[in-house]
Amino acid sequence: MQVGAAMVGALAAPRIASAQAVGRVVIVGGGFAGATCARTLKALEPKLAVSLIEPDPVFTACPFSNAVLGGLREIAQQQFTQDGVERAGVTVARRRAVGVDGKTVVLDSGARFQFDRLVLAPGIDINWSGLPGYTEAAAEKMPHAWKAGGQTVLLRRQLEAMDDGGLVVMSAPANPFRCPPGPYERVSLIAHYLKTKKPKSKLVLLDAKDAFSKQRLFQDAWAKLYPGLLEWVPLSKGGKVVSVDPADMTLATDFAKHKAAVANVIPPQRAGRIAEAAGVADRSGWCPVEPVSFESRLRPDIHVIGDAAIMGAMPKSAFSANAQAKVCAVAIVARLAGREPVEPRLINTCYSLVAPDYGITIAGVYKPTNGQLADIPGAGGVSPLDAPQEFRAREALYAEGWFRTITAETFG
Amino acid sequence: MRRGRWIGLLLMGLSGGAAHAASPDGPFGAMSCSGCHATARGVDTAIPRLNGRPAAEIAAAMRDFQKGERAPTVMGRIAKGYTDPEIDALAAWFAAQRDAP
Ligand SMILES: Cc1cc2nc3c(=O)[nH]c(=O)nc-3n(C[C@H](O)[C@H](O)[C@H](O)COP(=O)(O)OP(=O)(O)OC[C@H]3O[C@@H](n4cnc5c(N)ncnc54)[C@H](O)[C@@H]3O)c2cc1C
């Protein structure tokens, strides 16, 4: 690699081959976007000084966390450390970033990290002012489980403790939010759990939308697998939850109050709050970026990748975050060498399970078009509606392979 | 993703067209593929690896997928996002990659 780096450097820009550090990159957030970006930067250019700021010593992955709720997996299978990131030569600081001051990131310890390029990859935060009644205390009774970890375990325990015959009520937010098919995969796998363990129970999903990702595929599967057990209430039928009350376990729409034995509130979201502190979030709460380098439109020396960023047609997924992180690393190496980043192509594939051997996918291929990442026409789309069970089983198998592959690439 | 994976960059830089010579990324979108197609050894998955496979084999698979042949699941939909020259460049790039240890 020494030779390779020197040669690429020589072809591209002689500066890269010099002996001293060729630049300082600081990355905030060690999830799918941040950890991938850190490792890719060191692989592309070992002489870069790369630091990763991440407070959590153990990262709990959201993909497949719905299978934990369905009783099909244990939470430990979702967990990864930053050891592989450190092995790649990245300096890891187990702290939270609280602000950006000029070319310096400020941590909650008061420590400061100087950067030439900064990457913000903080994922989402819950928008605590987005749903009346839904506070951090309320989330301890009505978990969101939209950041995996303790919340996931809490919701699973509540499902396990519920009497057979109980009513589970879920709510899904308006767009945009993390993982567009996620609520529908979750409702499917909770339905699977109830069907097999608590068959007298019912499940209602109150939705702030009339349409959702892979809708026909999900609805066909629900009709086949969970008839009479699962009800989806769209916006137009009064599905939008306008407030919640943890004291009496109710979710209110404009038309009715739903009292739940177990409630899972998937609330409105926004970019992780460091984005706002750094001045890269707009009024929507998310971060507008250039589609080639993912540089912020508000502060060009800061790149924003993953769920926090507005990525045009690309959904907020771990697959997208990982793909964007690799493109971002290439763009940073180019920028530090004084070159223009090359126009990228990106892929996303979101796998969802509706039952253990029943997988469905949506895929897209994207390129920058008129200042946004746009679908390449003719490519992408969802699994066929009329596929045989063997096809669904194969997509479920590939889903597991995907999870092992992407977590190996992200965390080493 | 360890060092071996990037050796191909060098080869691409030397043998590829001018457009890729300065690009450590490999050609269009090559880096997205490793989300599903493992580059590290020892990953337990039914999805095949691409590193080091003959370029002709990869290119033929992509063209078949575009036509709906080989009973693809998701690759039929993804392959349609690539032009003929892009497929050839991708295939050459992967052929030159080595698995990470
Ligand atoms: C139930 C569910 C199922 C899902 N299933 C899938 C799936 O099947 N496929 C798929 O592709 N995607 C799936 N997703 C989406 C996926 O989890 C996210 O898109 C992905 O995690 C985004 O990556 P990220 O790096 O942007 O954010 P994250 O992975 O959340 O990482 C952000 C990191 O930043 C850290 N951080 C935040 N603020 C700071 C700060 N101030 N200082 C330092 N560190 C900070 C956090 O601790 C965290 O570790 C699912 C999501 C959910 C909720």
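Residues numbered from 1 in each chain as written. Chains lettered and ligands numbered in written order. Predicted model: local features only at pLDDT ≥ 70, side-chain atom pairs only at ≥ 80, totals over all residues. Heavy atoms only, no water.

Next up on the list: the overall build of chain A. For chain A, the count of helices and strands is 10 helices and 25 strands. For 412 residues, the compact-globule estimate of 2.2 N^0.38 gives 22 Å, and the C-alpha radius of gyration of chain A, at 22 Å, lies within 12% of that figure. Its C-alpha atoms give chain A principal-axis dimensions of roughly 70 × 50 × 40 Å. Of all 412 residues assigned to chain A, the portion counted as buried reaches 61%. Partitioning the intrachain contacts of chain A with sequence separation of at least 6 by distance along the chain shows that 66% fall at a separation of at least 24. (Helix = DSSP H or I, 4+ residues; strand = E, 2+ residues; numbered from the N terminus. Rg over C-alpha atoms; globule rule 2.2 N^0.38 Å. Buried < 20%, exposed > 50% of the residue type's maximum accessible area, 1.4 Å probe, protein only. Contact = heavy atoms within 4.5 Å.)

Next up on the list: the sheet that holds strand β15 (residues 250–253) of chain A. Residue and element names in this part refer to chain A. The sheet built from three strands is open, its strands ordered β14-β15-β16 with antiparallel pairing. Two strands close off the open sheet at either side, each with one partner strand: β14 (241–245) and β16 (257–259). On average, adjacent strands in this sheet sit at an angle of 20 degrees to one another, irrespective of strand direction. Sheet topology places β15 next to β16; three bridges connect them, and they run antiparallel. Its bridge partner being in β16, Ala252 is matched across the sheet by Lys257. (Pairing = 2+ DSSP bridges. Axes fitted to C-alpha atoms, helices over the stretch in contact; angles between N-to-C directions.)

This next bit is on the site of the ligand. Residues and elements named next belong to chain A. Contacts to the ligand come from 34 residues, most closely from Ala33, Glu54, Arg178, Asp307 and Ala318. At 3.5 Å, a backbone N or O of Ile53 approaches a nitrogen atom of the ligand. The backbone of Tyr351 places a nitrogen or oxygen atom 3.4 Å from an oxygen atom of the ligand. Mapped by element, the contributors of at least two residues to the shell around the ligand are α2 (32–44), α3 (65–69) and α9 (318–336). With three residues, the single largest contributor to the shell around the ligand is α9. Residue classes in the shell around the ligand are distributed as 19 nonpolar, eight polar and seven charged. Among the domains, domain 1 (21–126 + 270–341) and domain 2 (138–267) are the pair contributing at least three residues each to the shell around the ligand. (Near = heavy atom within 4 Å. Polar contact = N/O pair within 3.5 Å; in protein donor to acceptor, adjacent residues only side chain to side chain. Nonpolar A, V, L, I, M, F, W, Y, C, P; charged D, E, K, R; others polar. Domains from an automatic or database assignment.)

Before going further, it helps to examine the pairing of strand β7 (residues 104–107) of chain A. All names here are of chain A. Burial along β7 is two-sided: the face carrying Thr104 and Val106 and the face carrying Val105 and Leu107 are both buried. Sheet analysis places strand β6 (residues 97–101) next to β7, joined by four bridges and oriented antiparallel. Residue pairing in the sheet places Gly99 in a bridge with Val106 of β7. The turn linking β6 back onto β7 is made up of two residues, and Gly102 within it adopts a positive phi angle of 60 degrees.

Once that is clear, we can look at the environment of A:Leu230. All names here are of chain A. Following the sequence through the fold, Leu230 ends up in strand β13 (residues 230–233). Overall, the relative accessible area of 14% leaves Leu230 in the buried class. With near-sequence residues (within four places) excluded, Leu230 lies in contact with Val187, Ala191, Leu203 and Trp222.

So, about the domain arrangement of chain A. All names here are of chain A. Domain boundaries in chain A define domain 1 (21–126 + 270–341) and domain 2 (138–267). Here the C-alpha centre of domain 2 lies 30 Å away from the C-alpha centre of domain 1. Of the residues lining the interface, 22 residues belong to domain 1; the matching set on domain 2 comes to 23 residues. Both sides together, the interface formed by domain 1 and domain 2 hides about 1900 Å², and carbon and sulfur atoms give 66% of it. For the interface between domain 1 and domain 2, the tally reads three salt bridges. Across the pair Glu74 and Arg156 runs a salt bridge, and its minimum N-O distance is 3.3 Å. Here domain 1 is connected to domain 2 by 10 residue pairs in polar contact (both at pLDDT 80 or more). With five residues, the single largest contributor to the side of domain 1 that touches domain 2 is α3. For the side of domain 1 that touches domain 2, the residue count by class is 11 nonpolar, six polar and five charged. (Buried area = accessible area lost by both parts, 1.4 Å probe. Salt bridge = Lys/Arg side-chain N within 4 Å of Asp/Glu carboxyl O.)

Another point: the packing of aromatic side chains. Residues and elements named next belong to chain A. For the structure shown, the criterion picks out 17 aromatic pairs over all chains. Here the aromatic rings of Tyr184 and Phe212 are separated by 3.8 Å at their centres, their planes lie at 5 degrees, and the arrangement is stacked. Taken together, the residues span a long stretch of sequence, with Tyr184 in helix α6 (residues 182–197) and Phe212 in the loop between β12 (202–207) and α7 (215–225) at a distance of 28 residues. Clustering of aromatic rings is evident, with ring pairs tying together Phe32, Phe59, Phe64, Phe80, Phe319, Tyr351, Trp402, Phe403 and Phe411. Lys316 extends its terminal NZ or CZ atom over the ring of Trp286, reaching a point 4.1 Å from the ring centre. (Phe/Tyr/Trp six-rings, centres within 6.5 Å; stacked < 30°, edge-to-face > 60°. Lys NZ or Arg CZ within 6 Å of the ring centre and 35° of its normal.)

Residues and elements named next belong to chain A. In this structure, Thr104 sits in strand β7. The exposure class of Thr104 is buried, given its relative accessible area of 9%. Apart from the residues within four sequence positions on either side, Thr104 is in contact with Gly99, Arg112, Phe113, Gln114 and Phe115.

This paragraph deals with the layout of surface pockets. Approximately 590 Å³ is the volume found for the second largest pocket. Forming the boundary of the second largest pocket are 29 residues, of which B:His37, B:Pro48, B:Leu50, B:Phe65 and B:Met75 lie nearest the centre. Secondary-structure elements contributing two or more residues to the lining of the second largest pocket are β22 (346–355) and α10 (389–411) of chain A together with α3 (55–66), α4 (75–79) and α5 (84–96) of chain B. Counted by class, the lining of the second largest pocket contains 21 nonpolar, four polar and four charged residues. (1 Å grid on protein atoms, 1.4 Å probe; cavity = no way out; pocket = protein on both sides within 12 Å on 5 of 7 lines; lining within 4 Å. Points joined across faces, edges and corners; volume = space filled by probe spheres on them.)

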